[in-house]
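An overview of the molecular structure
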Amino acid sequence: MMKEQLKTLQPYKPGKNIEDVKAELGLEKVVKLASNENPFGSSPNAIQGMERVFGELMVYPDGYAADLREKVSRHLGVSEDRLIFGNGTDEIIHILSRSLLEPGTNTIMADLTFPQYKRNAVIEGAEVKEVPLKEDGRHDLEAMLAAIDDETRIIWLCNPNNPTGEYIRDYELRTFLDQVPAYVTVVCDEAYFEYVTASDFPDAVTLSNEYRQLFVTRTFSKAYGLAALRIGYGVGHADLVQGIEPAREPFNASRLAQAAAVAALDDHSFVDECSRKNRQGLEAFYDFCDIFQLKYFPSQTNFILIDFGVSGDVIYNYLLKQGYIVRSGEALGYPNGVRITIGTEADNEAVIQHLKDYIHDR
Ligand SMILES: Cc1ncc(COP(=O)(O)O)c(C=O)c1O
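Residues numbered from 1 in each chain as written. Predicted model: local features only at pLDDT ≥ 70, side-chain atom pairs only at ≥ 80, totals over all residues. Heavy atoms only, no water.

**Quick word on the sheet that holds strand E3 (residues 106-111)**
- Taken in spatial order, the seven strands of this open sheet run E2-E8-E7-E6-E5-E3-E4, and their pairing is mixed. Sheet topology places strand E2 (83-86) and strand E4 (127-132) at the edges, where each strand pairs with a single neighbour. Averaged over neighbouring strand pairs, the angle between their axes works out to 20° when direction is ignored.
- When E3 meets E4, the two strands line up parallel, connected through six bridges. Counterpart to Ile108 in the pairing with E4 is Lys129.
- Seen against the sheet, helix H3 (residues 66-76) touches E2, strand E7 (214-219) and strand E8 (232-235) and runs at an angle of roughly 125° to E2. (Pairing = 2+ DSSP bridges. Helix = DSSP H or I, 4+ residues; strand = E, 2+ residues; numbered from the N terminus. Axes fitted to C-alpha atoms, helices over the stretch in contact; angles between N-to-C directions. Contact = heavy atoms within 4.5 Å.)

**Focus on the sheet that holds strand E9 (residues 295-296)**
- One open sheet accounts for four strands, arranged E9-E10-E13-E12; its pairing is antiparallel. At either end of the open sheet lies a strand with only one pairing partner, and these are E9 and strand E12 (327-328).
- Of the pairings in the sheet, the one linking strand E10 (residues 303-307) to strand E13 (residues 337-341) comprises five bridges and is antiparallel in character. Directly across from Ile304, in E13, lies its bridge partner Ile340.
- In the packing of helix H11 (residues 268-291) onto the sheet, contacts are made with E9, E10 and E13, and the angle to E10 comes to roughly 10°.

**Some words on the site of the ligand**
- Around the ligand, the structure places 13 residues, and the nearest of them are Thr89, Asp189, Tyr192, Thr219 and Ser221.
- Between the ligand and Tyr192, the relevant distance is 2.6 Å, taken from an oxygen atom to a side-chain nitrogen or oxygen of the residue.
- Thr219 places a side-chain nitrogen or oxygen 2.5 Å from an oxygen atom of the ligand.
- For the ligand, the protein covers 92% of the area, taking 390 Å² as the surface of the free molecule. (Near = heavy atom within 4 Å. Polar contact = N/O pair within 3.5 Å; in protein donor to acceptor, adjacent residues only side chain to side chain. Areas by Shrake-Rupley, 256 points an atom, 1.4 Å probe, with all protein chains shown as cover.)

**Brief notes about the nonpolar core**
- Leu68, Ile155, Leu157, Phe176, Leu214 and Phe220 are the most contacted members of the largest nonpolar core, which totals 53 residues.
- The element contributing the most residues to this core is helix H10 (residues 255-264), with four residues.
- Looking at this core, you find at least three residues from each of domain 1 (4-32 + 268-361) and domain 2 (44-264).
- Discounting residues that sit within four places of it in the chain, Leu214 has contacts with Leu177, Val186, Cys188, Ala204, Leu207, Ser208, Val235, Gly236 and His237.
- If you look at the next biggest cluster of nonpolar residues, it comprises 29 residues, including Leu294, Phe308, Leu355 and Tyr358. (Core = buried A, V, L, I, M, F, W, Y, C linked by side-chain atoms within 4.5 Å. Buried < 20%, exposed > 50% of the residue type's maximum accessible area, 1.4 Å probe, protein only. Domains from an automatic or database assignment.)

**What to know about the domain arrangement of the protein chain**
- Here the protein chain is described as being made up of domain 1 (4-32 + 268-361) and domain 2 (44-264).
- Computed over C-alpha atoms only, the centres of domain 1 and domain 2 are separated by 25 Å.
- Contacts between domain 1 and domain 2 engage 25 residues on the former and 26 residues on the latter.
- Together domain 1 and domain 2 conceal approximately 2200 Å² of surface at their shared face, both sides included; 62% is due to carbon and sulfur atoms.
- By the criterion of area lost to domain 2, the three top residues of domain 1 are Val271, Phe297 and Gln300, representing 27% of everything that side buries.
- Between domain 1 and domain 2 we count zero salt bridges in total.
- Where domain 1 touches domain 2, the interface holds eight residue pairs in polar contact (both at pLDDT 80 or more).
- Mapped onto the side of domain 1 that touches domain 2, the elements with two or more residues apiece are H11 and E10.
- Per-element accounting of the side of domain 1 that touches domain 2 gives the leading share, six residues, to H11.
- By residue class, the composition of the side of domain 1 that touches domain 2 is 13 nonpolar, ten polar and two charged. (Buried area = accessible area lost by both parts, 1.4 Å probe. Salt bridge = Lys/Arg side-chain N within 4 Å of Asp/Glu carboxyl O. Nonpolar A, V, L, I, M, F, W, Y, C, P; charged D, E, K, R; others polar.)

**With respect to the side chain of Lys71**
- Tracing the chain through its elements places Lys71 in helix H3.
- Given a relative accessible area of 18%, Lys71 falls into the buried group.
- Beyond its immediate sequence surroundings of up to four residues, Lys71 is in contact with Val262, Leu265 and Asp266.

**Side note on the packing of H3 against H10**
- Here H3 crosses H10 at 25°, and the two axes come no closer than 9 Å. The angle between the axes of H3 and H10 places the two elements in the roughly parallel class. Note on packing geometry: the crossing formed by H3 with H10 is left-handed. On the side of H3, the interface is formed by Asp67, Leu68 and Lys71, while H10 contributes Gln258, Ala261 and Val262.
- When its residues are assigned to classes, the contact of H3 with H10 shows three nonpolar, one polar and two charged. (Parallel < 35°, antiparallel > 145°, perpendicular 65-115°, else oblique. Left-handed = near helix turned anticlockwise from the far one by under 90°.)

**A look at the pattern of salt bridges**
- In the structure shown here, the tally under the stated rule is 21 salt bridges.
- For Arg230, the salt bridge is made with Asp90, and the minimal N-O distance between the two is 3.2 Å. Taken together, the residues Arg230 in the loop between E7 and E8 and Asp90 in helix H4 (residues 89-100) connect sequence positions 140 residues apart.
- According to the relative accessible area criterion, Arg230 is partly exposed, its value standing at 26%.
- Residue classification places Asp90 among the partly exposed residues on the basis of a relative accessible area of 32%.

**Let's talk about unusual backbone geometry**
- The peptide bond linking Asp111 to Leu112 adopts the cis configuration, its omega dihedral lying at 25°.
- In this fold, Leu112 is placed in the loop between E3 and helix H5 (116-123).
- A cis amide bond, omega 20°, links Asn162 with the succeeding residue Pro163.
- You can see Pro163 is positioned in the loop between strand E5 (152-158) and helix H7 (170-179).

Here is the structure:
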């Protein structure tokens, strides 16, 4: 007998893939700007790091991820026992959910936010309390506080938030944490951390020294350009991290992923350059939206959610025919929106030109 709650879920539906779109529409060039991947590739350091372990593929990876642990520990200035590594942040979310949620407990998250928090909570049989985002695309932290009860175990803060790109300010996070009871774990999912430029973005890792219930997740999938390898990590109080460790599969982070991540961490210039070009791309989209008076959320990420005043499917289909796969807001819970990953300069320009053509012709 299957768990009842699984019947309420649909399998994850990835966006269309490039080869299918090429074949379907007879296009030679198709660009995917739908999954917030890095359009500038991966650090050459990471590729070399992987090459160094090609001869060791018959051996299981280091389950403790000692080299990567030491590197990340130095990178963040936290002790090694405060780190846990996963097969992407997705797995860290899974491990946390498996460890802390069960029937009779509940978990609080924004509506709209990254869908994996809810999916995992439903599978664990926990109640999901979704708190609508504010009009400006930001978390409603007061309403989230009000939703806490004795059975609350995890509050998910996606910062910056996917799919709006908006962020929680430093002072907001501190005020919030001051009021969260100690038995509730607050997860700050910082998948887009390396793209952030706002000076009042919280330093959650440092705050986690002070607030024992704060747990921060980061990934190598975005600015480091290693999405295919599936490697991410969590930072929290040692008691919490050691407590959830038994829920982690023994060899969950592959040897290739660990080697690439170790090498990628040294390549600051790659990440800085990707972040700089991303900011330029965002500015180009802001200018376009301002000229055409389109509503959008200012973004601290590598994507932008734009409201075109029509179903996101219309824009999605229009851009698809031009060879650009974006994400319709219909699939994200923001029906009139389209979420576009910031691409290379040439692709950003092309998308913006297609959008201008669409607006002129409609
Ligand atoms: C907010 C957020 N968290 C986590 C993830 C998943 O990251 P990973 O590739 O490390 O599993 C994503 C991916 O899009 C994301 O947007």
